[in-house]
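Per-entry structural report
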Amino acid sequence: MNRWTLAARNLVRHRRRSVLTGAIVAFGFTALTLAGGFMAQSFKGLREGAIRSGLGHIQFADARSFDSTATGTLAYPIRDAATFIATLARDARVRAVMPRVEFFGLAGNGAASLPFMGVGVDPAAEAAGSDIPRTVVNGRWLHANERAAVLGAGLARALGVHTGDTLTLLATTPAGSLNALDVAVVGIANIPVRALDDRYLATSVQTAGELLDTPDTVTRVSVLLDRDGDEQRVATRLRETLKERFPGIETRRWDELAEFYAQVRVLYLGIFGFMGAVLVVVVFLAAFNATLMSVAERTREIGTLRAIGMRQRDIRHQFVREGALAGLTGSIAGALLTLLIMLGLNASGIMLPAPPGATRAIPLHIEFFPWAWLFAGAAMTATLAIAAWFPARRAARLPIVEALGHV
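The notes below deal with the structure included here. Computed from a predicted model, the values in this text were never measured in an experiment. Each residue is numbered by its place in its chain's sequence as written, counting from 1. Note on the predicted model: pLDDT of at least 70 is required for a residue's local features to be given, and 80 or more for side-chain atom pairs to be given and counted; whole-chain, interface and lining totals, by contrast, use all residues. Water and hydrogen atoms were dropped before computing side-chain values, which therefore reflect all heavy atoms in the structure.

**Examining the overall build of the chain**
For clarity, the threshold we go by: Working definition: helices are DSSP H or I runs of at least four residues, strands are E runs of at least two. Numbering for both runs from the N terminus. Note on classification: 1.4 Å probe, protein chains only; a residue is buried when its accessible area is under 20% of the maximum for its type, exposed when over 50%, partly exposed between these limits. We call two residues in contact whenever any of their non-hydrogen atoms come within 4.5 Å of each other. All accessibility values rest on the Shrake-Rupley procedure with a 1.4 Å probe; residue burial counts only the protein chains present in the view. Here the positive residues are Lys and Arg and the negative ones are Asp and Glu; neither His nor the chain ends is included. Note on charges: their place is set at NZ of Lys, CZ of Arg, CG of Asp or CD of Glu.
When helices and strands are tallied, the chain shows 15 helices and 14 strands. Principal-axis analysis of the C-alpha atoms gives the chain an extent of 100 × 50 × 35 Å. For the chain, with 407 residues in total, the buried portion stands at 46%. Long-range contacts, defined here as pairs at least 24 residues apart, represent 79% of the contacts in the chain between residues at least 6 apart. For the chain, the accessible surface area stands at approximately 20300 Å², while carbon and sulfur atoms represent 61% of it. The average position of the 42 basic charges and that of the 33 acidic charges among the side chains of the chain differ by 17 Å.

Structure follows, in structure tokens:
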């Protein structure tokens, strides 16, 4: 008789204990895979939040600006921005091109003035590739070709302005002269980072160029691709396309710029890794106890097998096979249970709070994370096999007479 068939028959013969052990394994498998799926969803939400915060999938700028601490207005500009943007937009993989002009200045309403961190954007591209326009809680987002601004709620509150009011923006041009421009407040945005919310001011690239006296000039350009995963290949191709007309331009992928994402990812991996380790230990102890009782009940059976000539090693291997088979069977049951729970939760419509750095709540969706399923199946099977080995080893080493007389 095949040894695995014999192991299966032994599991069926001890039906009650096998069901109990299988239920423990199924619970462990389900907990691990659901945690892995939730972790995958969390990472996906964090990734989307980082990309759509304005970073895009790829960012283009003067190579010196990525490594420099210079804070002067347009210290390393990209000139002839219209040609630069048109070149990027021609690539078939590019979904949105988001130019940016970053600058600092003073915003005044006639009664008070406060410093702001300004960003000039293409309103249409920003609406297509960034979540910032969706943070507007009062008024509307920017339109093209208008002298207007959207303020962070903290900055608007400190200045005492509302939508429809007029602000005077004062900034230093790259040449060192002061320039002022009146703009209409068309929207107030609730920026999730408070320090930024208290200083945020967005306007169009054209208005920023007029204020800084730098037409057709931007600080950097972000690109949103039509799907994730090809950032490096597309970045290399676009850099080759641009290098003759725009020497000195470098690229950075979103994951190279999003330090917060990397830190939160490490934190989440640590949390879920610790939870997984604790769960495996709990399953091991429960399975060990169940196997220990099973071996104790079968001590006379082990003595009989020893008496007819079965070696200690063969007995140990037989119990290990039973444990591995119980782990595999329990994992299959756990996989079916996981699928049912996933379908139920994904159809429930439950909304989770926005992940760090994002502004919108996200629906609960447990991702199918193959690596978690493979790990859970392997961990449960190995755990049951190891848990069966220790008590089987002890029982197999008992003297035959003592084993036969065990009660």
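**Description of the packing of aromatic side chains**
So the rule is basically this: Think of it this way: a Phe, Tyr or Trp ring, Trp meaning its six-membered ring, pairs with another when their centres are within 6.5 Å, and the plane angle makes it stacked under 30 degrees, edge-to-face over 60, tilted otherwise.
On inspection of all chains with the given rule, the structure shows nine aromatic pairs. Their ring planes at 75° and their centres at 6.1 Å tell us that phenylalanine 60 and phenylalanine 84 sit as a pair that is edge-to-face. Within this pair, whereas phenylalanine 60 is found in strand E1 (residues 58-62), its partner phenylalanine 84 is found in helix H4 (residues 81-89), the two being separated by 24 residues in sequence. Accessibility assignment for this pair places phenylalanine 60 and phenylalanine 84 in one class, buried.

**Details of a nonpolar patch on the surface**
Put simply, the rule reads: To count toward a patch, a residue needs a relative accessible area above 30% and no salt bridge. Like charges then connect within 9 Å, nonpolar side chains (Val, Leu, Ile, Met, Phe, Trp, Tyr) within 5 Å. Note on definitions: salt bridges are taken to be side-chain nitrogens of Lys or Arg within 4 Å of carboxyl oxygens of Asp or Glu.
The grouping of Leu267, Ile271, Phe274, Met275, Val278 and Val282 at the surface amounts to a nonpolar patch, some 570 Å² of accessible area in total. Mapped onto the secondary structure, methionine 275 falls in helix H11 (residues 259-297). According to the relative accessible area criterion, methionine 275 is partly exposed, its value standing at 44%.

**Thoughts on the environment of alanine 235**
Within the element layout of this structure, alanine 235 appears in helix H9 (residues 231-242). The class for alanine 235 is buried, based on a relative accessible area of 1%. Each C-alpha atom, one on alanine 235 and one on alanine 89, is 13 Å from the other, the two residues being 146 residues apart in sequence. Not counting the four nearest positions on each side in its chain, alanine 235 is found in contact with Ile58 and Thr251.

**What about the side chain of serine 331?**
Secondary-structure assignment places serine 331 in helix H13 (residues 312-346). Residue classification places serine 331 among the buried positions, given a relative accessible area of 6%. Sequence-distant contacts of serine 331, defined by excluding residues within four places in its chain, comprise Val25, Phe29, Gly377, Met380 and Thr381.

**A word on helix H2 (residues 15-55)**
Put simply, the rule reads: Here the expected span of a helix is defined as 1.5 Å times the quantity of residues minus one.
For H2, with 41 residues, the first-to-last C-alpha span of 58 Å sits near the 60 Å given by 1.5 Å per residue. One or two positions beyond H2, positive phi appears at glycine 56, with a value near 70°.

**Points about helix H8 (residues 205-212)**
An α-helix turns once every 3.6 residues. As a result, residues three or four positions apart point the same way. Where burial is concerned, most of H8 is hidden: six out of the eight residues are buried. The set of residues buried in H8 consists of Val205, Thr207, Ala208, Gly209, Leu211 and Leu212. Aspartate 213 lies just past H8 and shows a positive phi near 60°.

**Observations regarding the pattern of salt bridges**
Evaluated as defined, the whole model comprises 15 salt bridges. The salt bridge involving arginine 147 is made with glutamate 210; its shortest N-O contact spans 2.1 Å. Residue arginine 147 is located in the loop between strand E5 (136-139) and strand E6 (148-152), and its partner glutamate 210 is located in helix H8; the two are separated by 63 residues in the primary sequence. Overall, arginine 147 belongs to the partly exposed group, its relative accessible area being 42%. For glutamate 210, a relative accessible area of 36% translates into the label partly exposed. A network of salt bridges, in which partner residues are shared, links Arg52, Asp131 and Arg134.

**Remarks on the packing of H4 against H9**
Formally: Here, axes are lines fitted to C-alpha atoms. For helices the fit covers the stretch in contact, and angles between N-to-C directions go from 0 to 180 degrees. Angle categories are assigned with fixed cut-offs, so that under 35 degrees is roughly parallel, over 145 is roughly antiparallel, 65 to 115 is roughly perpendicular, and the rest are oblique. We call a crossing left-handed when the near helix sits turned anticlockwise from the far one by less than a right angle, and right-handed when that turn is clockwise. Asp, Glu, Lys and Arg are counted as charged, while Ala, Val, Leu, Ile, Met, Phe, Trp, Tyr, Cys and Pro are counted as nonpolar; the rest, among them Gly, fall into the polar class.
At a minimum axis separation of 10 Å, H4 and H9 run at an interaxial angle of 140°. In terms of orientation, H4 and H9 fall into the oblique class. In terms of crossing hand, the pair formed by H4 and H9 is right-handed. Here Phe84, Thr87 and Leu88 of H4 come into contact with H9, specifically with Leu238, Thr241 and Leu242. For the contact of H4 with H9, the class distribution of residues is four nonpolar, two polar and no charged.

**Concerning the nonpolar core**
The criterion, for reference: The set of buried Ala, Val, Leu, Ile, Met, Phe, Trp, Tyr and Cys residues whose side-chain atoms join them within 4.5 Å is what this entry labels a nonpolar core.
Ranked by size, the top nonpolar core spans 42 residues in total, and within it Phe60, Phe84, Leu88, Leu151 and Leu167 carry the most contacts. Element by element, the count of residues in this core is highest for strand E3 (residues 94-108), at five residues. Not counting chain neighbours up to four residues away, the residues in contact with phenylalanine 60 comprise Phe66, Ile78, Phe84, Leu88, Arg220, Val221, Val223, Leu238, Leu242, Ile249, Glu250 and Thr251. Core analysis: the next-biggest nonpolar cluster, separate from the first, contains 19 residues, Val25, Leu34, Ala287 and Ala376 among them.

Functional significance is not addressed by these values, which are geometric in nature.
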